Every structure is written in C-alpha cells, then in structure tokens.
Amino acid sequence: MDRSQQAKLVCFFKVVLALIWAAGCAPKVDHYVQMNQHIYMQDYDSALKLLDENKEGYEKRNAALYYMEDGLVEHYAGHYAESNQSLLKAEAILDELYTRSISKQTASFVLNDNTIPYRGEDFEDALVNLFLALNYASMGNTEDALVEARQLDNELNIINSHYEEDQKNVYKEDGFIRFLMGLLYEAENEINDAFIAYRQAEKVYRNDYLPNYGVQAPQFLIENLLSSARALGFDKEMDEIQQIYPDINPPDPDEKRNTAEIIVIHYNGTGPEKVEKIWVVPMPDGYIAKVAYPKFEEKKYTISRGEIRLRHLDNGKTYRFSTWLMEDIGSIAVINLDNRMARIKTKAITRATTKYLATKGASKMARDQGGDLAGLLVQVAGNVAAAATEKADVRYWRMLPDEVRVGRVLVPAGMYEGEIDFVDTDGGIVLTRAIQPFTAGSGEIKFITQRTIR
C-alpha cells in the first residue's frame, strides 16, 4: 500500500469518527429527574432555574424544545405572560422548521434524525397552541385565547393535509379546546358561537376520543351544550342531544348567567417516555443491518382524579365536584407516533441501505487499491460507523402531563376557599392541597390549575 492509499484510508477513518461524533446530537436529559422533583414539590422557580442552567445543552437543533419546556413550567407556575413569551418563541421556530432544507433532510437520511432541528411531534406542535390558549384564558384575554384555539384546529388540518389518506393521524381534532372555546364564547354572551363549539366538542368526544382513547364527554360539557341550545330555542337540537344523553338535565340559562363558573384544570401524571427500539434488516449478502426507531412507553402514577370542595365564605355552603378526564395526552402521544410508524420505517430502512451500500463501495475500492486487509478494515470501520450512527430520535416534550382532567361547578358570586383531594383508583387520598381564597363574580369564569406527578 503506497502513501497515497494510506492517506485515503486515514481520511476515511477520520470521516467515520466525525460521523459517529455528529450522530450524538440529542440534548442531555440528566436535569429532568431533578426538574420533576422540583415540580413534585411545586418549586417551579427552582425547576425554571435548573432548565436555564442547562440551556446551552439544547443548542440550535433543540431550541424549540427548550422554549416548549420553559413555557410549560411557567404555565404550571401561573406565570402566564412569561409562559406565552417562551411558547410563542417555540411556535415561531416550529413554523420555520415545517419546511426543512434539503441538506438537513439528507443528513438525517445518512446519519439519523438527531442531526436535524427538532420540530416536535405533530401533537406537540398542536399542544403549544393549547397552552397558549389556556394562558390567555387564565389572564382574561378572551380574544387572543380564541385566536390560539382556532390556530390549534388549523394546525391539525395543515399537518394532516400533507399525509396520504391511509397515513393521517388519529389526532385530527381536539375536544378539549372546543370545550374551552364554548366557555369563552359563553362568557362573552355569544351564545350561538358557544353552542356551535360545545356541539363540535361533543361530536369529537363521541366519534373520536371515545373510540380511540376511551375518553367520553364529561357531564358538564353536555349540560353547557343543552343550556346553550335552550337559550337559543333550539328545541330540535335539544331533543337530538337528550336522546344520546337522556340522564343529563341542563341548568336554566337565565340562572346560569347569574352564577360563576369555576373550572379546575388538573395536569396529572408524567407523560410517556420516548425510547429507542431496534429492527433487524437482512441485506443481500447476509449482513444484518441495525435500524433504530422511537416508541413511546407509558409511565405509571398513583393519582387517579381530584375531589374538590369549595366553601362560600359568606354563607358557609360547601360545593363538591370531581375532575373528569378531558385530554389523554399519553394515549394521543402513543397513537400519534404509531400513526407515522410506516413513514419512520421506510425512512430508516432507506438510511440503513444507504449506509450499507456506501460501506460496500468503499470496501471494494480499498480492496482494489490496497488489498484484502485494507478492504476488510474499511468494511469493519463502515459497519461500526453504521451501527454507531443509527440512533432513533428520542427527543420529546418531557414536561407534558399524561392527562388533563377538568372539574367544573356553578356557584353563586362571592368569595371562596377550599381543598382538593387527589385520590387513587380506590378512592384513597394520596395528597391534599388547599385552594387559596378567591373571588368569583356573576357570569365570570374562574380558572384554577393544579399539577401532580405522583
């Protein structure tokens, strides 16, 4: 082997090492364990500080992920304006990344998806708008909350329009955001728009959420739907709805307008973890290629629901109500990823085949120029590089809850305080938290949020 051939081999091995180094581009995740501990203790300031201390680890490829995490923790903390700042930055980055450059897409075919900027799972992209809407609603900004709610619907339509009919996502409409829109329209006394939103929400739960995720429409959604129909004199529509839900009696519309509507939003559990799985793909000469792909695995937690008690501080009357599951984020995540598994598999096999053919070609060239030993060394090095660079993209929005549960009660105007018992499936109390005193006026919607990960 002459000097020029040796130089080519050295160059090849340098390229191999560079590829292996470039493959490890996911952000470090060690700090998430401690962040969850801070959130467990409701120490959101420490969680935010820890995230900020690790900001450099997200780099440019994971900038959207950083702002998604920061925005969500700010939301849990009740810092709604600060949350919006981060979530809007995340939204802008995700929108910019929607159309990827050819060079970065090619790199993901050659190495792995970690080499390109993270643009979120489809459902994560939509949930950015959900939390923006909740932030605006919690701040009393109905107009912007409705803008974000409509944007979520538009986002899901755009995403699914780019997929073949047999590869579209199951998650194509959001029942919870429709319910929120109904609340906001009703607060603005736009009863017809509220009825339309509630009606759409009911259909999503009945035709989509129930068969796909096992989540049915909560009783208070049907109550609000029937009440708005009665206020509008929609007798035919009321009859149709009550045939489906014969045991639900709506509140009188006039009485409802003179009460406050208390909405308790409970973010429960830790969302599923994205992990790497391996396929084995046989090549023509008996070589076995490793093909990596991501999969969501759900986590267990103890708390099942919230049982709420609110006391009117003037008359001492206590109001009791429970939370209902309205958004099963964990199931949406699992099924959403399964929906695109065919796309992932096709891309991963193409990537493995490209690496295999490149190694075979380089090995043959080295054998022709430097003999069998050179060819063998290149073959081994190429196989090592192919295995080392074949990594699944396991980045995901780690701070998401597994569930969004909602409790709702209609109460007279006044000042209230109370408690919420978080219970397990047997009704045993896992945790009790105080609900700090607050004032609610007639016709007002009051949002109270809680986060648990036990």
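What this report covers is the structure whose coordinates are included nearby.

About the criteria used
- Residues numbered from 1 in each chain as written.
- Predicted model: local features only at pLDDT ≥ 70, side-chain atom pairs only at ≥ 80, totals over all residues.
- Heavy atoms only, no water.
- Helix = DSSP H or I, 4+ residues; strand = E, 2+ residues; numbered from the N terminus.
- Buried < 20%, exposed > 50% of the residue type's maximum accessible area, 1.4 Å probe, protein only.
- Areas by Shrake-Rupley, 256 points an atom, 1.4 Å probe, with all protein chains shown as cover.
- Salt bridge = Lys/Arg side-chain N within 4 Å of Asp/Glu carboxyl O.
- Pairing = 2+ DSSP bridges.
- Axes fitted to C-alpha atoms, helices over the stretch in contact; angles between N-to-C directions.
- Parallel < 35°, antiparallel > 145°, perpendicular 65-115°, else oblique.
- Left-handed = near helix turned anticlockwise from the far one by under 90°.
- Contact = heavy atoms within 4.5 Å.

All right, on to the overall build of the protein chain then. When its secondary structure is counted, the protein chain shows 16 helices and 10 strands. Here the protein chain, with 454 residues, has 52% of them falling under the buried criterion. Counting every atom, the protein chain has about 20,600 Å² of accessible surface; 51% of that belongs to carbon and sulfur.

What follows is about the pattern of salt bridges. Considering all chains together, one arrives at 20 salt bridges under this definition. As a salt-bridge pair, E261 and K256 come within 3.3 Å of each other at their nearest N and O atoms. No difference in accessibility class separates E261 from K256, as the two residues are buried. Put simply, R311 and E417 hold a salt bridge, and the shortest N to O gap is 3.6 Å.

On the basis of which strands lie adjacent, the open sheet formed by 4 strands has the order 5-4-8-9 and antiparallel pairing. Edge positions in the sheet fall to strand 5 (318–322) and strand 9 (429–440), since each has one partner strand and no second. The sheet shows a mean angle of 20° between the axes of neighbouring strands, direction not considered. Bridge analysis of strand 8 (residues 414–423) against strand 9 gives 9 bridges, and the strand direction is antiparallel.

Moving on to the packing of helix 5 (residues 80–97) against helix 7 (residues 122–138). Orientation of helix 5 relative to helix 7, taken along the N-to-C sense of each, is 155°, at an axis distance of 10 Å. On the basis of their axis angle, the class for helix 5 and helix 7 is roughly antiparallel. The two elements helix 5 and helix 7 meet at a crossing, and its hand is left-handed. Here Y80, S83, N84, L87, L88, E91 and L94 of helix 5 come into contact with helix 7, specifically with D125, V128, N129, F131, L132, N135, Y136 and S138.

Let us look at the environment of D239. Take D239: it is sitting in helix 12 (residues 235–244). The class for D239 is partly exposed, based on a relative accessible area of 46%. Through-space distance from the C-alpha of D239 to that of A229 is 9.9 Å; in sequence the pair is 10 residues apart.

Time to look at the pairing of strand 5. Every regular strand shows the same layout, with side chains that alternate between the two sheet faces. Side chains Y319 and F321 project from strand 5 onto a buried face, and the interleaved T318, R320 and S322 project onto a face without burial. Direction of pairing for strand 4 (residues 305–312) relative to strand 5: antiparallel, over a ladder of 5 bridges. Looking at the pairing, R311 lines up with T318 of strand 5. Connecting the antiparallel pair strand 4 and strand 5 is a turn made up of 5 residues, with G316 showing a positive phi of about 80°.

Keep in mind these numbers describe shape, not what the thing actually does.
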